[in-house]
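Breakdown of the fold
Next come the chains, spelled out residue by residue.
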Amino acid sequence: MKKTVHSNAPAEKLYEQVYDYLLERIRRGEWAAHEKLPSIRELANQLDVHRLTVFKAFQLLKLNKKVFVKDKSGYYVLPDSLMLIDTQQNPIISACVYENSLSEIHQVKAEYQFSKALLDPNLLPNHYLSSYVKKVFDLYPKVLGTYSTIQGDLELREALCRYFTDEYYFHLDADELLITAGSQEAIDLAARLLVKPRDTVLIERPTYSPAIDVFRRQGADILPVEIHPYGYQLEQVESLMKKYKPRLFYLNPTFHNPTGYTVPPEQRKKLIELASSYQCLLIEDDPYRDIYFGQKPPLPLFSYDTTGCVIYIRSFSKYIAPGLSIATVACRHPLMKSLVKTKSLSDNGTPLLNQKIFLHYFFSERLQQHLEKLRIALEIRKNIMEEELAETGWKWSSPAGGFNLWISLPEAPSMEKLLEKSIEQSISFVPGSICDPLREYHSWIRLCYSYLNEQQLRDGLNRFIGIFR
Ligand SMILES: Cc1ncc(COP(=O)(O)O)c(C=O)c1O
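The following refers to the structure shown. (Residues numbered from 1 in each chain as written. Predicted model: local features only at pLDDT ≥ 70, side-chain atom pairs only at ≥ 80, totals over all residues.)

**A word on unusual backbone geometry**
In this model, Arg-205 is joined to Pro-206 through a cis peptide bond whose omega is 0°. Structurally, Pro-206 can be placed in the loop between β5 (200-205) and α10 (209-217). Here the residue pair His-333 and Pro-334 is connected by a cis peptide bond, since its omega of 5° sits within 30 degrees of zero. Note on placement: Pro-334 falls in the loop between β10 (327-330) and α14 (335-344). One non-glycine residue, Lys-65, lies in the positive phi region at around 60°. Relative to the elements of secondary structure, Lys-65 occurs in the loop between α3 (51-63) and β1 (67-70). One non-glycine residue with positive phi stands out, namely Arg-439, at about 60°. (Helix = DSSP H or I, 4+ residues; strand = E, 2+ residues; numbered from the N terminus.)

Here it is, written out as structure tokens:
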């Protein structure tokens, strides 16, 4: 059977898809060190692309020291090809620039962390949180001696059902909710359950980069859908759904990471119609909904869904003790049953202690008051970042919520150099290409304003602007 490389991608980028595909096969060990790759003609035939496209992909593999050439014979896998890159340069920079890895950049030990889309721990009511921990041990003395059920603590699921119904008009039963250890786990479960190699998956461009990695690992063919300040071009979405019959569309339509954009309500309804008619599941990832600076955002897509085409993933780790790592997934049966089964293959349920602490803290009046203050504190930090960047000539759309500025630099710098110099001076940020399934956005960066305090923001940004200049 032929593998199709999607020719709706700009023609000059097809070779990058072929490159990714070949690299993945090398990584999986399909061809060992010193082993010859199939010929250009053979691969072009297999992949249904022009020979020149495969040739360009081979050139890129050669440039990145994954393969070597034997005259008149062909291309061979370079031994330890991955290690070669890493030892030549700072491994973190290699991993970010060549391997597109966000987790690597999070390991940078920098004084000025503009890369982490996390809340400053000083903005959490740590003292009060510990009193909830005590309360939970008093209420459930055997909590540490018990597993949760795999689907999640029933008391918590029932409370979340009432909350979702009151806030967003969801029609839900507790058995249509699953509790996971963060939304990262939920995305991974959904991908493992739903995506088989060569399934087509739509992903926003740019996007939350670990989601790209998760769907790639499943062997999906990824098709990007541009997100704009006004949402998507729905004609584009429809034509992709029509032509490629994607299995699912992963999207983060509310205070989107990294852009901060929010998809308007009319588009939400239309998306549901499209998804239902083309039988494409929508995976709605919604961790930033409560971090708004003005008006509340529109209702989740799940609120409009009457056909069961939306899987709603709601993380709370962005503002309720990230250390608890609690998220929930809402979807209909039989999908929910299969998700629970998939989770049962990797653990015996999200830790019960975390679920109980979350339950008592999340539904307390104190948290609601705290959230009000949090929004104000974060908006102040966003304003400070915008003030400091005002003189630079860099461009961004001011977000109405979330944690990040998605910034277009006036010209594409050498991202390697910028990252290297920044790390030397104890600054971390996210290069735009990491967030792009097509690995472009070379002149874009993501700066997060939620993790540093006001003075650190000013000092760090001054230093960063200095490096850039
Ligand atoms: C869009 C998006 N989805 C998922 C996650 C992961 O969240 P969690 O900490 O709940 O796993 C993040 C974290 O940055 C995110 O921005």
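Now that the structure has been shown, the text picks up again.
**Thoughts on the site of the ligand**
Surrounding the ligand, one finds Ala-117, Gly-182, Ser-183, Gln-184, Tyr-208, Asn-252, Asn-257, Asp-285, Pro-287, Ser-315, Ser-317 and Ala-327. Here the shell around the ligand is composed, by residue class, of 4 nonpolar, 7 polar and 1 charged. (Near = placed C-beta within 6 Å. Nonpolar A, V, L, I, M, F, W, Y, C, P; charged D, E, K, R; others polar.)

**Here's the deal with helix α18 (residues 454-468)**
An ideal rise of 1.5 Å per residue puts 21 Å on 15 residues; α18 measures up with 21 Å between its terminal C-alpha atoms. Taken together, the buried positions of α18 are Leu-457, Gly-460, Leu-461 and Phe-464. Viewed along the axis of α18, the buried residues span an arc of 100°, placing them on a single side of the element. Among the exposed residues of α18, those oriented more than 90 degrees off its buried face are Gln-455, Asn-462 and Gly-466. Among the structural elements, β3 (112-113), α16 (365-389), α17 (415-424) and β12 (427-428) are those in contact with the buried residues of α18. (Expected span 1.5 Å × (residues − 1). Buried ≥ 20, exposed ≤ 12 C-beta atoms within 10 Å, placed from the backbone. Arc of directions from axis to C-beta. Contact = placed C-beta atoms within 7 Å.)

So yeah, pure geometry; function would need other evidence.
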